[in-house]
Amino acid sequence: MEGLIMDYQLNVPAILRRAEQLFADKEIATRLPDRSWHRYTYADLVPRARRLAAALRNELGLVDGDRVATFSWNHYQHLEAYIGVPVGGMVTHTLNLRLHPDDLTYIATHGGDRVLIADKVLWPLVENFRGRVPFEHVIAVGDGPTPDGAIEYEDLLASAEPDALPDREIDERAAAAMCYTSGTTGRPKGAVYSHRAIALHSLASAMAGSLAVTEADVVLPVVPMFHANAWGFPFTCAFVGAKQVFPGPFLDGASLLEAFGQERVTITAGVPTIWMAILQELDANPDTYDVSTVRAMVVGGAAAPQAMIEAFEKRHGLRVLHAWGMTETCPLGSISEPTSRERALSEAEQYRYRAKQGLPAPFFEIRARGAEGLVPWDGATMGELEVRGAWVSSSYHDSPEGADRWTEDGWFKTGDIVTIEPHGYIEIQDRSKDLVKSGGEWISTVALENALMGHPAVAEAAVIAVPDEKWSERPLAVVVFREGQAASDEELTEFLAPQFAKWWLPDRYEVVDEIPKTAVGKFRKMALRERFATQPAETA
Ligand code: ADP
């Protein structure tokens, strides 16, 4: 029909232009490996991102759709790659620093990465895999001498003209970035983000009732830039003109808390294990840090225990914003920002809601499926969460064997078991592979863990399924006690008993010094299963 709206392309160049035209003087601060701070503004970032794009094309010969890997901490040069690579029509492929060299080799080779941009401080790790991947060029970032066989990042930027990019519009459906799932089951798989998905994800993240990032915010993402698209923050912040603060390699509680105060941080984000470390540091040294400017700590990647949410708010005035997402969903899927319905409830009830995963983001739809088809939204029936939306993967990169993750009508099967309330509030009960299937019924390990972490003596708790002759599986709780504290099995069971049906209570507890973590800091339950699930239960 004639008279239609323009076919305006929702792409990363549009985000860049907005930052350049409207927010040029807003700051980007980075803690360097020597702990000093580097500061510049979007006015400095934009031409450098364009130079990178031009150099990759004109000097190194890359073309549309070529993949450029990054192997970096969170810092301003990583942001330049995040934005510059897609502005040049290429695809940023963030590699996880904590992976084994065999996995990095597989992921970079499978991703078809032609160029690697890596931190000089990470070079010992780079050497473990760079020779095993057919990279055509390796670019070294940061202070210090250029490693053998690498191109100096600053030299590369200097070699290009910022306006030497071809003058054309990038199709919003073209690929802009890519990230591999951790592959806890099977080989890692690549999710590919389009320009349009990133643009809409930024818009949705900035919305009130969502993460609500605005120009006035100072955002310090603790989440590594290699984890799930850095939860979209590099793009969202550039889009709204928020100041960005990058912690570099310093992710310990004290360094982060110091940075919050110094930079007047308002929003920060990371997985629960990071926040547990920060909570311990704050509890131990309550008057040392100024966290008064922080208005939202976004917690996602694993369930935020209710006890942690309450402890931050009641003891330190810090507000946790619980969100759920996946590498395959850009990653924002749902946010637990209470609506007027929840705000009308008692304080105790409100905290219960804050520990749930919340309402789906706009342009993001949910449903859940049990053995008998789609389950009712009754807040009680468990089913596997299926999603579709403007930033949900429609397939994995070059992995036909992953096609079974999509339903026939095109919804993505998340592998998360949920209940959905009549008004759409999601509660993640478990990953399907972590559920305890006891006597034909499901037990949520997440619910048991959350409750256990509310016990004053418990620092961390992970619940796993162990084989059982009679019930097929039973829950076993692996517990880390706070320093100098302990509780008996009976005391823990007594603590849980009022909150759960009797058959949900763990039959067995194991005390450990530390729960093994994955490359992005989540509990590595597979390792716990290997360690404990094969031993016969002592008490059955
Ligand atoms: P992986 O954990 O496999 O490395 P992702 O980071 O993409 O990869 O993880 C996505 C998964 O993390 C989700 O499917 C879900 O199981 C879990 N998850 C993410 N956010 C939350 C949350 N707020 N509560 C509970 N689980 C979460």
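See the structure above.
Residues numbered from 1 in each chain as written. Predicted model: local features only at pLDDT ≥ 70, side-chain atom pairs only at ≥ 80, totals over all residues. Heavy atoms only, no water.

(A) Examining the overall build of the protein more closely. Within the protein, the secondary structure is distributed over 16 helices and 26 strands. Computed over its C-alpha atoms, the radius of gyration of the protein comes to 23 Å, within 12% of the 24 Å expected for a compact globule of 540 residues. Here the C-alpha coordinates of the protein stretch approximately 70 × 60 × 50 Å along the principal axes. Residue burial in the protein is summarised as follows: out of 540 residues, 59% are buried. Taking all contacts inside the protein whose residues are at least 6 apart in sequence as the whole, residues at least 24 apart take part in 68%. (Helix = DSSP H or I, 4+ residues; strand = E, 2+ residues; numbered from the N terminus. Rg over C-alpha atoms; globule rule 2.2 N^0.38 Å. Buried < 20%, exposed > 50% of the residue type's maximum accessible area, 1.4 Å probe, protein only. Contact = heavy atoms within 4.5 Å.)

(B) Structural view of a nonpolar patch on the surface. There is a patch of nonpolar side chains on the surface, built from I5, M6 and Y8 and spanning about 440 Å² of accessible area. Within the element layout of this structure, I5 appears in the segment before α1 (12–22). (Patch = residues over 30% accessible without salt bridge, like charges linked within 9 Å, V, L, I, M, F, W, Y side chains within 5 Å. Areas by Shrake-Rupley, 256 points an atom, 1.4 Å probe, with all protein chains shown as cover. Salt bridge = Lys/Arg side-chain N within 4 Å of Asp/Glu carboxyl O.)

(C) Structural context of the sheet that holds strand β21 (residues 426–431). Strands sit in the order β18-β17-β19-β20-β21 across an open sheet of five strands; the sheet is antiparallel. Looking along the sheet, the strands with just one partner apiece sit at the ends: β18 (373–374) and β21. (Pairing = 2+ DSSP bridges.)

(D) Spatial organisation of α1. The set of residues buried in α1 consists of V12, P13, A14, I15, L16 and A19. Buried residues along α1 sit in contact with α2 (42–58), α3 (76–87), β8 (175–180), α7 (195–206) and α8 (233–240). Where α1 starts, the residue carrying a side-chain oxygen 3.0 Å from the main-chain nitrogen of A14 turns out to be N11. (Polar contact = N/O pair within 3.5 Å; in protein donor to acceptor, adjacent residues only side chain to side chain.)

(E) Fine view of the environment of H38. Along the chain, H38 falls in strand β2 (residues 37–41). As a C-alpha pair, H38 and W275 span 237 residues in sequence and 25 Å in three-dimensional space.

(F) Region of interest: the site of the ligand. Every one of the 15 residues lining the ligand counts as a neighbour, but A323, T327, D416, R431 and K522 are closest to it. Interatomic distance of 3.2 Å between a backbone N/O atom of A303 and a nitrogen atom of the ligand. In this structure, a nitrogen atom belonging to the ligand sits 2.9 Å away from a side-chain N or O atom of Q357. Surface burial for the ligand is 92%, taken as the share of its 570 Å² of free accessible area covered by protein chains. Counting residues per element, the shell around the ligand draws most heavily on strand β14 (residues 320–325), which supplies four residues. Of the residues contributing to the shell around the ligand, the split by class is five nonpolar, seven polar and three charged. (Near = heavy atom within 4 Å. Nonpolar A, V, L, I, M, F, W, Y, C, P; charged D, E, K, R; others polar.)

(G) Spotlight on the pattern of salt bridges. For the coordinates displayed, the defined rule picks out 38 salt bridges. Linking E154 and R48 is a salt bridge whose minimum nitrogen-to-oxygen distance equals 2.8 Å. Taken together, the residues span a long stretch of sequence, with E154 in helix α6 (residues 153–158) and R48 in helix α2 at a distance of 106 residues. Between E127 and R130 there is a salt bridge, with the nearest N and O atoms lying 3.8 Å from each other. Overall, E127 belongs to the partly exposed group, its relative accessible area being 44%.

(H) Local environment of unusual backbone geometry. Residue P331 follows C330 across a cis peptide bond; omega there is 15 degrees. Inspection of the secondary structure puts P331 in the loop between β14 and β15 (332–335). Backbone geometry places F363, a non-glycine residue, at a positive phi of 60 degrees. With respect to the secondary-structure elements, F363 resides in the loop between β16 (359–360) and β17 (364–370). Here F363 falls in the exposed class, since its relative accessible area comes to 60%. Here the phi dihedral of S472 falls at roughly 75 degrees; this positive angle occurs in a residue that is not glycine. Inspection of the secondary structure puts S472 in strand β25 (residues 472–481).

(I) Quick peek at the packing of aromatic side chains. A complete count under the given rule lists eleven aromatic pairs for this structure. Here the aromatic rings of Y353 and Y425 are separated by 5.0 Å at their centres, their planes lie at 90 degrees, and the arrangement is edge-to-face. Separated by 72 residues along the polypeptide, Y353 in helix α13 (residues 347–354) and Y425 in the loop between β20 (412–420) and β21 bring together distant segments of the chain. Put simply, the rings of F71, F129 and F135 pair up and form one aromatic cluster. Above the face of the Y353 ring, K356 is positioned so that its terminal group lies 4.5 Å from the ring centre. Taking the ring centre of W411 as reference, the NZ or CZ of R367 above it sits at 4.1 Å. (Phe/Tyr/Trp six-rings, centres within 6.5 Å; stacked < 30°, edge-to-face > 60°. Lys NZ or Arg CZ within 6 Å of the ring centre and 35° of its normal.)

(J) A negative patch on the surface, seen in detail. The grouping of D489, E490, E491 and E494 at the surface amounts to a negative patch. On the secondary structure map, D489 appears in helix α15 (residues 489–496). Residue classification places D489 among the partly exposed residues on the basis of a relative accessible area of 35%. (Lys, Arg positive; Asp, Glu negative; His and termini not counted. Charge placed at Lys NZ, Arg CZ, Asp CG, Glu CD.)

(K) Examining the side chain of R130 more closely. Tracing the sequence through the fold places R130 in the loop between α5 (123–127) and β6 (137–141). Apart from the residues lying within four places of it in its own chain, the contact partners of R130 are W123, F135, V138, D148 and G149.

(L) Examining helix α14 (residues 445–452) more closely. Across the eight residues of α14, seven count as buried, placing the element largely inside the fold. Those residues of α14 not exposed but buried are T445, V446, L448, E449, N450, A451 and L452.

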